[in-house]
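Secondary and tertiary structure notes
Spelled out from the first residue to the last, the chains are:
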Amino acid sequence: MTAFRIAPAVADAFPDTLIALVTATGLRGREPWPDTTAALEELEQQLADSTWQPANESDPRIEAWHTAYRSFGTNPRRIRPSVDALGRRMAKKGTLPRINPAVDSYNAVSAQHGLPAGAFDLDHVTGDVDIRYADGSEDFTPLGEPDTVENPKPGEIIYADPTGVLTRHWHHRDAHRTRVTEDSSHVAFVLETLHATRDGHLLKAAAEELQGLLIPHAEQTRVYYLSPAQPQATA
């Protein structure tokens, strides 16, 4: 069992935070996921028809993350929040990337709802996960760069387990160690908002949608919520 925790200092700095934790066990990533394929294609068609646009930095959902990034010393126009980068890529290319079914599922939900999303292979997480401020001594190996080691800046918000950093700049980039592949069978997905009062209904709808994409391809799925009032959930 892996506990996910919002550190008190982060809860104090961002008191309206709400994080959905969607877990899947017995995930089968090597079979066809037709509902995910359809969700991707529908979103791309809506973009092509100009009936929908991804959220950009003028959208309050994205603007909130830019403000948060600046608060811990990250330039959000150089190192963009994940949902911002995903939306910009989609607006430019007209398509979402195809990585693998699990990643494609959370990308589709992230882009549609304008909320950051990510995932961790829990079989490669070494203990409990804390969402906390970095002290700068932690190690981070970026996704796709297994021979690279970085150190987050002191004060940067990270996801971290006892071995090292799982995401930098809150959710800008994932670690190589806990990346989700076609063979990942025990996965924790996260969706986040800094303004639960305003966008909590969007987060809950997104979590339900993601769970719906996972259910046909998993033995079990569950949804948990973390907030300053309930800062821990165990997956």
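Just above sits the structure.
These remarks concern the structure in this document.

What counts, and where the lines are drawn
Residues numbered from 1 in each chain as written. Predicted model: local features only at pLDDT ≥ 70, side-chain atom pairs only at ≥ 80, totals over all residues. Heavy atoms only, no water. Helix = DSSP H or I, 4+ residues; strand = E, 2+ residues; numbered from the N terminus. Expected span 1.5 Å × (residues − 1). Buried < 20%, exposed > 50% of the residue type's maximum accessible area, 1.4 Å probe, protein only. Contact = heavy atoms within 4.5 Å. Phe/Tyr/Trp six-rings, centres within 6.5 Å; stacked < 30°, edge-to-face > 60°. Lys NZ or Arg CZ within 6 Å of the ring centre and 35° of its normal. Axes fitted to C-alpha atoms, helices over the stretch in contact; angles between N-to-C directions. Left-handed = near helix turned anticlockwise from the far one by under 90°. Nonpolar A, V, L, I, M, F, W, Y, C, P; charged D, E, K, R; others polar. Core = buried A, V, L, I, M, F, W, Y, C linked by side-chain atoms within 4.5 Å. Salt bridge = Lys/Arg side-chain N within 4 Å of Asp/Glu carboxyl O. Pairing = 2+ DSSP bridges.

1. Observations concerning helix α3 (residues 60-71)
- The end-to-end C-alpha separation of α3 is 16 Å, in line with the 16 Å expected for twelve residues at 1.5 Å each.
- Taken together, the buried positions of α3 are occupied by I62, A64, W65, H66, A68 and Y69.
- The secondary structure elements touched by the buried residues of α3 are α4 (82-93) and β8 (186-193).
- Phi turns positive one or two residues past the end of α3, at G73, with a value near 85°.

2. Looking at the packing of aromatic side chains
- Within the structure shown, the criterion is met by six aromatic pairs.
- Centre to centre, the rings of F14 and W170 are 5.2 Å apart; their planes meet at 75°, and the pair counts as edge-to-face. Here W170 lies in the loop between β6 (165-168) and β7 (173-174) and F14 lies in the loop between α1 (8-13) and β2 (18-25), a separation of 156 residues in the sequence. Accessibility classification places F14 together with W170 in one group, the buried group.
- Between Y69 and F72, the aromatic rings sit 5.3 Å apart at their centres with planes inclined by 45°, giving tilted as the arrangement. Here Y69 matches F72 in class, with each residue buried.
- For the cation-ring pair, K204 lies above Y225, with the distance from its terminal atom to the ring centre recorded as 5.8 Å.

3. Points about the packing of helix α2 (residues 34-48) against helix α5 (residues 101-113)
- With their axes 9 Å apart at the nearest point, α2 and α5 run at an angle of 35° to one another. Two packed elements cross with a definite hand, and for α2 against α5 that hand is left-handed. For the pair α2 and α5, contact is made by T36, A39, L40 and L43 and by P101, D104, S105, A108, A111 and Q112, respectively.
- For the contact of α2 with α5, the class distribution of residues is six nonpolar, three polar and one charged.

4. Quick look at the nonpolar core
- Counting 28 residues, the largest nonpolar core has F4, L21, Y159 and W170 as the members making the most contacts within it.
- Going through the elements one at a time, β1 (3-6), α1, β2, α3, β4 (129-133), β5 (157-160) and β8 are the ones with two or more residues in this core.
- With four residues, the single largest contributor to this core is α3.
- L115, V180, V187 and F189 belong to the second-largest nonpolar core, a separate cluster that totals 24 residues.

5. Re unusual backbone geometry
- With a phi angle near 65°, S50 is a residue other than glycine that sits in the positive phi range.
- Relative to the elements of secondary structure, S50 occurs in the loop between α2 and α3.
- Of the residues examined, S50 reaches a relative accessible area of 58% and is grouped as exposed.
- The phi dihedral of H169 falls on the positive side, at around 50°, and the residue is not glycine.

6. Some words on the pattern of salt bridges
- One pass over the full model with this rule turns up 15 salt bridges.
- Residue E44 pairs with R98 through a salt bridge whose shortest N-O separation is 2.6 Å. Here R98 lies in the loop between α4 and α5 and E44 lies in helix α2, a separation of 54 residues in the sequence.
- When salt bridges with common partners are traced through the structure, they connect E57, R77, R80 and D84 into a single cluster.

7. A closer look at the pairing of β8
- When you tally the buried positions in β8, you get seven out of eight residues, the bulk of the element.
- Strand direction decides the pairing type here: β2 and β8, joined by eight bridges, are antiparallel. Each residue of the ladder has a partner; that of T25, found in β8, is H186.
- Relative to β8, strand β3 (residues 117-121) runs antiparallel, the two being bridged by five bridges. When the bridges of β8 are listed, A119 appears paired with F189.

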